[in-house]
Amino acid sequence: MESWATSGGDLHLDLSAGRARGLGLRAALEDALRTAARDGRFAPGTRLPSSRALSGDLGLARNTVAEAYAQLAAEGWLTARQGSGTVVAERGTPAAVTAPLAYPSRPVARYDLTSGRPDVSLFPRSAWLAAARRALTVAPHEALSYSDPRGRIELRRALAEYLARVRGVRTDPERILICAGYTQGLRLVCGALGAQGVRSVAVEEYGLPPQQRVIAAAGLSTVALPLDGDGARTDLLAGTGAGAVVLTSAHQFPTGVALRAARRSAAVAWARETGGLIIEDDYDGEFRYDRQPVGAMQALDPERVVYAGTTSKSLAPGLRLGWLVLPAALVEPAVRQKELADGQSGVLEQLTLAELITSGGLDRHVRRCRSHYRRRRDRLVAALAERAPQVEVAGLAAGLHAVLRLPPGSLGEDELLRQADWLGLALHTMSFCRADSAPPLPDAPPALVIGYGTPPERDFAGALDALCTLVRL
Ligand SMILES: Cc1ncc(COP(=O)(O)O)c(C=O)c1O
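This write-up is about the structure you can find in this document. (Residues numbered from 1 in each chain as written. Predicted model: local features only at pLDDT ≥ 70, side-chain atom pairs only at ≥ 80, totals over all residues. Heavy atoms only, no water.)

### Section: the overall build of the protein chain
Helix and strand counts for the protein chain come out as 14 helices and 19 strands. A compact globule built from 473 residues would reach a C-alpha radius of gyration of about 23 Å, and the protein chain, at 23 Å, matches this within 12%. Judged by the C-alpha coordinates and their principal axes, the protein chain covers about 70 × 55 × 45 Å. Taking all 473 residues of the protein chain together, 55% fall into the buried category. When contacts within the protein chain are restricted to residue pairs at least 6 apart in sequence, those whose partners lie at least 24 apart make up 72%. For the protein chain, the accessible area works out to roughly 20,000 Å², and carbon and sulfur atoms hold 54% of it. Side chains of the protein chain carry 55 positive and 50 negative charges; the gap between the two charge centres is 3 Å. (Helix = DSSP H or I, 4+ residues; strand = E, 2+ residues; numbered from the N terminus. Rg over C-alpha atoms; globule rule 2.2 N^0.38 Å. Buried < 20%, exposed > 50% of the residue type's maximum accessible area, 1.4 Å probe, protein only. Contact = heavy atoms within 4.5 Å. Areas by Shrake-Rupley, 256 points an atom, 1.4 Å probe, with all protein chains shown as cover. Lys, Arg positive; Asp, Glu negative; His and termini not counted. Charge placed at Lys NZ, Arg CZ, Asp CG, Glu CD.)

Structure follows, in structure tokens:
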């Protein structure tokens, strides 16, 4: 259902305008609420229905409504009052700074088990400082001026060698574009695709929530691709009408499965037949604990697959450093997008990373992190086996997160979030990661996405205790 009126009939929300502009469900709901508050149709002080009631009426996931309310509250249109629900703010003046695209702000929790982040206390400060000193000492003056929008050649050369060696990527420095993390990389590719007439991008039915807004910001719509135990149903791509697909092939986020060989081939066959593009998000490809990671699917067809990598898991998200390995035909269009976005990425970090890679410092750091996260995962699995054996830890022994599937009869995800709050625990639910364009799953069993890599070491035991308490409630 795209529009809704309260039982009193005096609040009317129309999602169809946003949907017609290609917005996902949450973005369309935010748009409808914002428009109603700005136009004065919802007078200051108007009380909005609870997220549960509105989600029921609109046929949306409750998290979708709660996140839309949170976004509008962050922008200053709504006020959330303890005990009296959400009301339209007294003055409908948006905050000067719009809320970030990243995960919605959360109350400060004692223990952070949200996914998507590494343990930043592991950042190799001394090695980074030493690499920065060496890099700046030898950098030519011209390096500090405007330079190639693709990024410094030192880093592109180092990455071409590193990615071939570690992830099996087939490339040369000419096809590499350095960008501000995967987020900007995706935005650049979508911008380039939009300029070529692509209108819609297929995404996995569960994925990185902000990704959909990045795609929408480039004017493209998203269509959800179902997932099963073999990964994304790439055999269904032909029916989606999409011009591109985003795949987390080595380690699906968040379900944790690897895309089976047959599904990889099906995606490549679809891309070849239709002129489609595969965007491979290799966000945590360095972290596999049970065996060698599956290589990048880019190697199957470098002219049909964009390989996107990032330092956000292996080093730190705050670096904002990532890369695209592009098909030859997409280099120029993506470079044009980069020039429009910010000209080029910062040079000092690029030169430092190049030095860290060529000196072997990154390999040493990744090895150290791998054993740290493997131990973390083992501790999580052991604690649950002992204290909550009814909980299934799903997904590969890889990455920095795991999905916990709770048995039938457990608390629902919304209630789990409320209880987690009481326990001082921040985490994400599975429905938080559900694509806006995917149909709601009202009967899905509760599941949690646990970022076991996130807390610093001193907090991990306490975080596990709180988690075990939560899943036994
Ligand atoms: C699935 C997925 N892709 C990519 C990223 C990295 O994004 P970025 O490089 O913009 O920090 C993350 C980080 O949370 C992620 O979970």
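### Observations concerning the packing of helix H6 (residues 153-167) against helix H12 (residues 361-387)
H12 packs onto H6 with a crossing angle of 35° between their chain directions and a minimal axis gap of 12 Å. The two elements H6 and H12 meet at a crossing, and its hand is right-handed. Contacts from Tyr162, Arg165 and Val166 of H6 reach H12 at Leu362, Asp363 and Val366. In the contact of H6 with H12, the residues fall into four nonpolar, no polar and two charged. (Axes fitted to C-alpha atoms, helices over the stretch in contact; angles between N-to-C directions. Left-handed = near helix turned anticlockwise from the far one by under 90°. Nonpolar A, V, L, I, M, F, W, Y, C, P; charged D, E, K, R; others polar.)

### What about the sheet that holds strand S12 (residues 277-281)?
Judged by pairing direction, the sheet is mixed, and its seven strands sit side by side in the order S6-S14-S13-S12-S11-S7-S8 without closing on themselves. Lying at the two open borders of the sheet, with one neighbouring strand each, are strand S6 (176-179) and strand S8 (221-225). For this sheet, the mean angle separating the axes of adjacent strands, direction not counted, is 20°. The sheet contact formed by strand S7 (residues 200-204) and S8 spans five bridges and is parallel. Bridge assignment links Ala202 to a residue of S8, and that residue is Val223. (Pairing = 2+ DSSP bridges.)

### Topic: the sheet that holds strand S16 (residues 402-405)
Taken in spatial order, the four strands of this open sheet run S15-S16-S19-S18, and their pairing is antiparallel. With one partner strand each, in any of the chains shown, strand S15 (392-394) and strand S18 (428-429) form the two edges of the open sheet. Taken together, the two bridges between S18 and strand S19 (residues 447-450) define a ladder with antiparallel strand orientation. Paired with His428 across the bridge in S19 is Val449.

### So, the nonpolar core
Leu425, Leu448 and Leu467 are the most contacted members of the largest nonpolar core, which totals 58 residues. Among the elements that make up this core, the one with the highest residue count is helix H14 (residues 457-471) (eight residues). Each of domain 2 (111-116 + 364-471) and domain 3 (126-362) accounts for three or more of the residues forming this core. In contact with Leu425, not counting residues within four places along its chain, are Ala109, Tyr111, Leu113, Ala420, Ala463, Ala466, Leu467 and Leu470. Counting residues in hydrophobic clusters, the runner-up holds 31 residues, among them Ile215, Ile279, Ala308 and Ala435. (Core = buried A, V, L, I, M, F, W, Y, C linked by side-chain atoms within 4.5 Å. Domains from an automatic or database assignment.)

### Quick notes on the site of the ligand
Lining the immediate environment of the ligand, one finds Gly116, Gly181, Tyr182, Thr183, Leu208, Phe253, Asp281, Tyr283, Thr310, Ser312, Lys313 and Arg320. Between the ligand and the protein, one listed contact pairs an oxygen atom with a side-chain N or O atom of Lys313 at 3.1 Å. One nitrogen or oxygen atom from the side chain of Arg320 is found 2.8 Å from an oxygen atom belonging to the ligand. Protein coverage of the free-state accessible area of the ligand, which is 400 Å², stands at 94%. Per-element tally for the shell around the ligand: the top contributor is helix H7 (residues 181-195), with three residues. (Near = heavy atom within 4 Å. Polar contact = N/O pair within 3.5 Å; in protein donor to acceptor, adjacent residues only side chain to side chain.)

### Some thoughts on the pattern of salt bridges
Following the criterion strictly, the structure yields 30 salt bridges and no others. Across the pair Asp235 and Arg263 runs a salt bridge, and its minimum N-O distance is 3.8 Å. Of this pair, Asp235 sits in the loop between strand S10 (231-232) and strand S11 (244-247) while Arg263 sits in helix H9 (residues 261-274), and the two are 28 residues apart along the sequence. Residue classification places Arg263 among the buried residues on the basis of a relative accessible area of 12%. Its salt-bridge partner being Arg418, residue Glu415 comes within 2.7 Å of it at the nearest N-O pair. Taken together, the positions of Glu415 and Arg418, both in helix H13 (residues 413-422) and three residues apart, correspond to about one turn of that helix. (Salt bridge = Lys/Arg side-chain N within 4 Å of Asp/Glu carboxyl O.)

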